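# Observations on the model geometry
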Amino acid sequence: MKIDKRQRDGATILDLQGRITIGEGDVALREAVQAAVADGAVNILLNMGRVRSIDSSGVGELVAAYTTVTNRGGKLRLFSLPGRVLGVLQITQLVTVLDILEDEDEAVASLA
Amino acid sequence: MPEPVERTIRLSIGSRYENIELVQAVLDETLASLPLDEDAGYWMGIALREALTNAMKHGNGLDPEKKVEVCLAVDESGIDITVEDRGSGFDPSAVADPLAPDNLLKTEGRGIFYMRKFMDKIDYDFGAGGGTKVRLQKKFGAAGAAVEADQED
């Protein structure tokens with residue numbers, strides 16, 4: 001799992017690449033979100049466009065990231081989800097809880 | 001006339017998460033010889049990974065000395081997977097429903113749900129001497145149907 005951080009219009013964007021699965025990607029995601037929050041990030045956008053796979057541990061980390069950010073008064077958005085990743089979130093009904101946007105422009109605009 | 005596809009592969013792995021990748025590679029290679037679409041193999045892989053995770057984490061407590069026994073049996077009609085740990089077992093009926101409103105934002109508890117969604121049948125067997133054996137079965141032809149159905153909702 002490779003994660004790059006950048007800024008756009010006041011939001012912190014994490015570009016995720018690889019698998020968010022147990023023992024590797026899940027830990028990387030947790031550390032990246034915690035580091036961004038520690039650096040003062042309030043609103044965080046997760047670019048999921050290059051996520052190849054996710055398992056229940058990865059889903060758990062997405063939920064943890066959502067809780068961490070919203071409990072601090074911020075917003076966490078996901079965008080550009082590949083079909084398989086979206087499918088995993090749909091069957092556990094997390095699409096009703098997490099904020100999922102079509103693309104980066106839409107995600108950034110949603111923070112306004 | 002093509003040879004019938006029938007293989008049984010047995011693996012004994014230590015309880016380290018990196019070994020999940022090894023089993024995934026064996027599954028991928030096994031399924032590659034079958035006329036399955038890519039999605040079918042993908043969802044079976046997720047189910048297998050969840051079973052391995054549970055065996056290593058909840059069964060064997062991530063003790064690398066405790067083995068997880070894996071058997072992949074495949075033929076043209078489907079796949080039959082067993083994953084066995086050395087733990088003390090659990091009560092499947094006591095596993096919380098991850099779709100319950102109070103559980104939606106929990107960070108754990110979705111692995112068995114995903115296994116049930118992505119495979120046709122799941123059975124548990126608890127040996128007298130301890131250990132949990134989970135059996136995952138999938139008939140080819142209906143692979144991925146559960147996910148496709150949900151996405152249409």
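Here the structure is a predicted model, which means the values were calculated and not measured. (Residues numbered from 1 in each chain as written. Chains lettered and ligands numbered in written order. Predicted model: local features only at pLDDT ≥ 70, side-chain atom pairs only at ≥ 80, totals over all residues.)

### A short note on the overall build of chain A
Quick reminder of the rule: Think of it this way: any DSSP run of H or I at least four residues long counts as a helix, any run of E at least two long counts as a strand, and we number them from the N terminus. The globule rule used here is 2.2 Å times the number of residues to the 0.38 power, and the radius of gyration it is set against is calculated over C-alpha atoms. Working definition of burial: number of other C-beta atoms within 10 Å of the residue's own, with buried at 20 or more, exposed at 12 or fewer, and partly exposed in between, all C-beta atoms being placed from the backbone. Any residue pair is listed as a contact if its two C-beta atoms, each placed from the backbone, are within 7 Å.
Counting its regular elements, chain A contains four helices and five strands. Its C-alpha atoms give chain A a radius of gyration of 12 Å, within 12% of the compact-globule value 13 Å for 112 residues. Expressed as lengths along the three principal axes of its C-alpha atoms, the size of chain A is roughly 30 × 25 × 25 Å. For chain A, buried positions account for 43% of its 112 residues. Sequence separation of at least 24 residues holds for 71% of the intrachain contacts in chain A that already meet a minimum separation of 6.

### Some thoughts on the nonpolar core
Heads up, the rule is: We call a set of buried Ala, Val, Leu, Ile, Met, Phe, Trp, Tyr and Cys residues a nonpolar core when their C-beta atoms link them within 7 Å.
Ranked by size, the top nonpolar core spans 32 residues in total, and within it A:I44 and A:M48 carry the most contacts. Not counting residues within four places of it along the chain, the set of residues in contact with A:I44 comprises A:T12, A:L14, A:V33, A:A36, A:V69, A:G74 and A:L76. One finds B:A40, B:Y42, B:V74 and B:F118 within the second-largest nonpolar core, a separate group that totals 29 residues.

### With respect to the sheet that holds strand 1 (residues 2-8) of chain A
Note on sheets: strands pair through backbone hydrogen bonds, and any given pair is parallel or antiparallel. Residues and elements named next belong to chain A. The line we're drawing: Only strands that DSSP links by at least two bridges are regarded as paired with each other. Axes here refer to lines fitted to C-alpha atoms; in helices the fit is confined to the stretch in contact. Angles between the N-to-C directions go from 0 to 180 degrees.
Pairing in this open sheet of five strands is mixed, and the strands run 1-2-3-4-5 from one edge to the other. The two strands at the open ends of the sheet, each matched to only one other strand, are strand 1 and strand 5 (99-101). On average, adjacent strands in this sheet sit at an angle of 25° to one another, irrespective of strand direction. Relative to strand 4 (residues 75-79), strand 3 (residues 43-54) is paired through five bridges, and the arrangement is parallel. Paired with L45 across the bridge in strand 4 is R77.

### Brief notes about helix 3 (residues 111-118) of chain B
The buried count for helix 3 of chain B comes to six of eight residues, which makes it a mostly enclosed element. For helix 3 of chain B, the complete set of buried residues consists of B:G111, B:I112, B:Y114, B:M115, B:K117 and B:F118.

### Digging into the packing of helix 1 (residues 18-32) of chain B against helix 2 (residues 38-59) of chain B
All names here are of chain B. Stated formally: Put simply, angles under 35 degrees are roughly parallel, angles over 145 are roughly antiparallel, angles from 65 to 115 are roughly perpendicular, and the rest are oblique. The crossing is said to be left-handed when, going from far helix to near helix, the turn is anticlockwise and less than a right angle, and right-handed when the turn is clockwise. The classification used treats Ala, Val, Leu, Ile, Met, Phe, Trp, Tyr, Cys and Pro as nonpolar, Asp, Glu, Lys and Arg as charged, and all other residues, Gly among them, as polar.
Orientation of helix 1 relative to helix 2, taken along the N-to-C sense of each, is 150°, at an axis distance of 10 Å. With respect to each other, helix 1 and helix 2 are oriented roughly antiparallel. For the crossing formed where helix 1 meets helix 2, the hand is right-handed. Touching I20, V23, Q24, L27, D28 and L31 of helix 1 are G41, M44, G45, L48, R49, L52 and T53, all from helix 2. Tallied by class, residues from the contact of helix 1 with helix 2 come to seven nonpolar, four polar and two charged.

### Comments concerning the packing of helix 1 (residues 25-38) of chain A against helix 2 (residues 56-71) of chain A
Residues and elements named next belong to chain A. Running from N to C, helix 1 and helix 2 point in directions that differ by 10°, and their axes come no closer than 9 Å. For the element pair helix 1 / helix 2, the angle class is roughly parallel. Judged by residue contacts, G25, D26, L29, R30, V33 and V37 of helix 1 engage S57, G58, E61, A64, A65, T68 and V69 from helix 2. Its residues placed into classes, the contact of helix 1 with helix 2 shows six nonpolar, four polar and three charged.

### Describing helix 1 of chain A
All names here are of chain A. Definition in use: Helix span, as expected, comes to 1.5 Å for every residue beyond the first. Think of the arc as the fan of directions from the helix axis to the C-beta atoms.
The end-to-end C-alpha distance of helix 1 is 20 Å, a good match for the 20 Å that 14 residues give at a rise of 1.5 Å each. For helix 1, every residue scored as buried is listed here: G25, D26, L29, A32, V33 and A36. The buried residues of helix 1 occupy one face: seen down the axis, they fall within an arc of 130°. Exposed and facing more than 90 degrees away from the buried side of helix 1 are E31 and A38. In the core, the buried residues of helix 1 are packed alongside strand 1, strand 2 (11-20), strand 3 and helix 2.

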